[in-house]
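Structural description and commentary
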Amino acid sequence: SAEALAARDTSATSDAIAAAIALKAQVVAADPFERDGRRALNLGHTFGHALEHAAGYGVIPHGEAVAVGMTLALRTSAKLGLLEDLELGARYDALAERLGLARDVSALAGRYGVSLSRSALSAGLAHDKKGRVGAPEFVLPRRAGALALGVTVPAALLDEVWGAA
(Lines give C-alpha, C1' and ligand atoms only; values in the text may rest on other atoms or scores of the structure.)
Protein backbone atom coordinates (compact mmCIF):
# COMPACT_ATOMS: atom_id res chain seq x y z
CA SER A 1 0.00 0.00 0.00
CA ALA A 2 3.03 2.33 -0.02
CA GLU A 3 2.05 4.11 -3.23
CA ALA A 4 -1.55 4.61 -2.06
CA LEU A 5 -0.32 5.91 1.29
CA ALA A 6 2.15 8.28 -0.39
CA ALA A 7 -0.70 9.53 -2.58
CA ARG A 8 -2.77 10.04 0.59
CA ASP A 9 -5.49 7.68 -0.58
CA THR A 10 -8.24 8.00 2.04
CA SER A 11 -9.10 4.32 2.21
CA ALA A 12 -5.49 3.13 2.44
CA THR A 13 -4.68 5.79 5.02
CA SER A 14 -7.73 4.92 7.14
CA ASP A 15 -6.86 1.22 7.00
CA ALA A 16 -3.24 1.88 7.98
CA ILE A 17 -4.24 4.15 10.88
CA ALA A 18 -6.81 1.64 12.15
CA ALA A 19 -4.27 -1.20 12.02
CA ALA A 20 -1.63 0.92 13.79
CA ILE A 21 -4.04 1.96 16.53
CA ALA A 22 -5.18 -1.64 17.09
CA LEU A 23 -1.60 -2.88 17.32
CA LYS A 24 -0.53 -0.07 19.66
CA ALA A 25 -3.57 -0.64 21.90
CA GLN A 26 -2.70 -4.33 22.11
CA VAL A 27 0.92 -3.59 23.04
CA VAL A 28 -0.03 -0.94 25.62
CA ALA A 29 -2.70 -3.19 27.21
CA ALA A 30 -0.15 -5.98 27.59
CA ASP A 31 2.40 -3.64 29.24
CA PRO A 32 0.63 -0.56 30.68
CA PHE A 33 3.66 0.56 32.72
CA GLU A 34 6.26 0.27 29.94
CA ARG A 35 8.37 -2.30 31.73
CA ASP A 36 8.93 -4.71 28.88
CA GLY A 37 7.38 -5.17 25.42
CA ARG A 38 5.83 -1.71 25.22
CA ARG A 39 9.34 -0.29 25.00
CA ALA A 40 9.37 -1.65 21.43
CA LEU A 41 7.11 1.27 20.47
CA ASN A 42 10.11 3.55 21.05
CA LEU A 43 11.96 2.26 17.95
CA GLY A 44 13.30 5.35 16.17
CA HIS A 45 11.98 7.72 18.83
CA THR A 46 15.19 8.46 20.73
CA PHE A 47 16.88 9.62 17.54
CA GLY A 48 13.66 11.21 16.31
CA HIS A 49 13.20 13.29 19.45
CA ALA A 50 16.81 14.49 19.17
CA LEU A 51 16.11 15.56 15.56
CA GLU A 52 13.00 17.44 16.67
CA HIS A 53 14.89 19.13 19.50
CA ALA A 54 17.78 20.15 17.25
CA ALA A 55 15.42 21.64 14.63
CA GLY A 56 13.12 23.28 17.16
CA TYR A 57 9.93 21.48 18.14
CA GLY A 58 7.21 21.72 15.53
CA VAL A 59 9.56 22.36 12.59
CA ILE A 60 9.94 18.72 11.55
CA PRO A 61 6.82 16.53 11.74
CA HIS A 62 7.14 13.89 14.44
CA GLY A 63 6.51 11.02 12.02
CA GLU A 64 9.28 12.10 9.67
CA ALA A 65 11.71 12.59 12.54
CA VAL A 66 10.93 9.07 13.79
CA ALA A 67 11.24 7.66 10.26
CA VAL A 68 14.79 9.04 10.00
CA GLY A 69 15.32 7.86 13.59
CA MET A 70 14.52 4.34 12.44
CA THR A 71 17.18 4.63 9.73
CA LEU A 72 19.67 5.77 12.37
CA ALA A 73 18.62 2.92 14.68
CA LEU A 74 19.27 0.43 11.90
CA ARG A 75 22.72 1.92 11.21
CA THR A 76 23.58 1.96 14.90
CA SER A 77 22.46 -1.63 15.34
CA ALA A 78 24.62 -2.70 12.40
CA LYS A 79 27.66 -0.84 13.76
CA LEU A 80 27.19 -2.46 17.19
CA GLY A 81 26.92 -5.91 15.60
CA LEU A 82 23.35 -6.37 16.88
CA LEU A 83 21.67 -6.39 13.46
CA GLU A 84 21.25 -10.00 12.38
CA ASP A 85 19.40 -9.27 9.12
CA LEU A 86 21.80 -7.05 7.20
CA GLU A 87 19.25 -6.60 4.38
CA LEU A 88 16.70 -5.01 6.74
CA GLY A 89 18.21 -1.54 6.37
CA ALA A 90 17.97 -1.66 2.57
CA ARG A 91 14.37 -2.90 2.74
CA TYR A 92 13.42 -0.14 5.16
CA ASP A 93 15.20 2.46 3.01
CA ALA A 94 13.29 1.31 -0.09
CA LEU A 95 9.99 1.49 1.77
CA ALA A 96 10.75 4.97 3.13
CA GLU A 97 11.53 6.09 -0.42
CA ARG A 98 8.25 4.66 -1.74
CA LEU A 99 6.40 6.51 1.03
CA GLY A 100 8.16 9.77 0.15
CA LEU A 101 9.90 10.04 3.52
CA ALA A 102 13.31 11.59 4.08
CA ARG A 103 15.85 8.81 4.48
CA ASP A 104 18.67 10.58 6.28
CA VAL A 105 19.52 13.63 8.37
CA SER A 106 20.76 15.74 5.46
CA ALA A 107 17.60 15.07 3.39
CA LEU A 108 15.43 15.92 6.40
CA ALA A 109 17.37 19.14 7.04
CA GLY A 110 17.06 20.13 3.40
CA ARG A 111 13.36 19.35 3.24
CA TYR A 112 12.60 21.61 6.22
CA GLY A 113 15.34 24.21 5.71
CA VAL A 114 17.04 23.64 9.05
CA SER A 115 20.57 23.07 10.25
CA LEU A 116 21.05 19.80 12.10
CA SER A 117 24.62 19.89 13.37
CA ARG A 118 26.15 16.93 15.17
CA SER A 119 26.48 18.99 18.34
CA ALA A 120 22.80 20.02 18.26
CA LEU A 121 21.74 16.43 17.59
CA SER A 122 23.90 15.10 20.41
CA ALA A 123 22.54 17.79 22.74
CA GLY A 124 19.04 16.70 21.76
CA LEU A 125 19.78 13.21 23.04
CA ALA A 126 20.38 14.66 26.51
CA HIS A 127 16.67 15.47 26.65
CA ASP A 128 15.57 11.88 26.08
CA LYS A 129 12.95 10.99 28.68
CA LYS A 130 13.46 7.23 28.46
CA GLY A 131 17.11 6.87 29.47
CA ARG A 132 19.23 8.01 32.34
CA VAL A 133 20.45 11.61 32.42
CA GLY A 134 23.29 11.88 29.92
CA ALA A 135 22.84 8.28 28.79
CA PRO A 136 19.86 7.78 26.49
CA GLU A 137 18.66 4.25 25.94
CA PHE A 138 17.86 3.04 22.46
CA VAL A 139 15.60 0.42 20.94
CA LEU A 140 17.59 -1.17 18.13
CA PRO A 141 16.46 -3.74 15.57
CA ARG A 142 18.02 -7.18 15.37
CA ARG A 143 15.78 -8.47 12.55
CA ALA A 144 12.15 -8.01 11.57
CA GLY A 145 10.12 -8.66 14.72
CA ALA A 146 13.10 -8.75 17.10
CA LEU A 147 14.54 -5.78 18.97
CA ALA A 148 17.25 -5.04 21.50
CA LEU A 149 15.77 -2.86 24.25
CA GLY A 150 17.52 -0.39 26.54
CA VAL A 151 20.80 -0.25 24.60
CA THR A 152 23.31 2.43 25.53
CA VAL A 153 25.49 3.62 22.67
CA PRO A 154 28.99 5.10 23.10
CA ALA A 155 29.16 8.83 22.32
CA ALA A 156 31.83 8.28 19.66
CA LEU A 157 29.57 5.86 17.79
CA LEU A 158 26.63 8.27 18.02
CA ASP A 159 28.81 11.00 16.57
CA GLU A 160 29.75 8.66 13.73
CA VAL A 161 26.12 7.70 13.04
CA TRP A 162 24.98 11.35 13.00
CA GLY A 163 27.80 12.17 10.59
CA ALA A 164 27.03 9.24 8.29
CA ALA A 165 23.39 10.14 8.12
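Located above this text is the structure these notes cover.
The present account deals with the structure reproduced in this document. (Residues numbered from 1 in each chain as written. Predicted model: local features only at pLDDT ≥ 70, side-chain atom pairs only at ≥ 80, totals over all residues. Heavy atoms only, no water.)

Looking only at helices and strands, the protein features eight helices and two strands. Put simply, the protein runs from its N terminus to its C terminus through helices and strands in the order α-α-α-α-α-α-α-β-β-α. Radius of gyration (C-alpha) of the protein: 16 Å, near the 15 Å computed for a compact globule of 165 residues. In terms of its C-alpha atoms, the protein occupies a principal-axis envelope of roughly 45 × 40 × 30 Å. The long-range share in the protein, meaning contacts at least 24 apart out of those at least 6 apart in sequence, stands at 62%. Summing over all exposed atoms, the protein offers an accessible surface of approximately 8900 Å²; the carbon and sulfur share of this is 55%. (Helix = DSSP H or I, 4+ residues; strand = E, 2+ residues; numbered from the N terminus. Rg over C-alpha atoms; globule rule 2.2 N^0.38 Å. Contact = heavy atoms within 4.5 Å. Areas by Shrake-Rupley, 256 points an atom, 1.4 Å probe, with all protein chains shown as cover.)

In terms of nonpolar packing, the biggest core is built from 30 residues, with Leu51, Leu72, Val105, Leu116 and Trp162 touching the most fellow members. Secondary structure elements with two or more residues in this core: α3 (45-55), α4 (62-80), α6 (105-112), α7 (118-125), β1 (138-143), β2 (146-151) and α8 (155-164). Once you skip the residues sitting within four places of it in the chain, Trp162 turns out to touch Phe47, Ala50, Leu51, Leu72, Val105, Arg118, Leu121, Ser122 and Leu125. Core analysis: the second largest hydrophobic core is formed by six residues, Ala67, Leu88, Tyr92 and Ala96 among them. (Core = buried A, V, L, I, M, F, W, Y, C linked by side-chain atoms within 4.5 Å. Buried < 20%, exposed > 50% of the residue type's maximum accessible area, 1.4 Å probe, protein only.)

Moving on to the pairing of β1. In this sheet, β2 lies alongside β1 in antiparallel orientation, the contact comprising four bridges. Bridging across to β2, Pro141 finds its partner in Leu147. The antiparallel pairing of β1 with β2 creates a hairpin that spans two residues between the two strands, and Gly145 there sits at a positive phi of about 85°. (Pairing = 2+ DSSP bridges.)

A word on the packing of α4 against helix α5 (residues 88-99). Direction vectors running N to C along α4 and α5 enclose 165°, while the axes themselves pass 10 Å from each other. By the angle between their directions, the pair α4 and α5 is classed as roughly antiparallel. Where α4 crosses over α5, the two elements pack in a sense that is left-handed. The residues of α5 that touch α4, namely those facing Ala67, Met70, Thr71 and Leu74, are Leu88, Gly89 and Tyr92. Within the contact of α4 with α5, the residues separate by chemical class into five nonpolar, two polar and no charged. (Axes fitted to C-alpha atoms, helices over the stretch in contact; angles between N-to-C directions. Parallel < 35°, antiparallel > 145°, perpendicular 65-115°, else oblique. Left-handed = near helix turned anticlockwise from the far one by under 90°. Nonpolar A, V, L, I, M, F, W, Y, C, P; charged D, E, K, R; others polar.)

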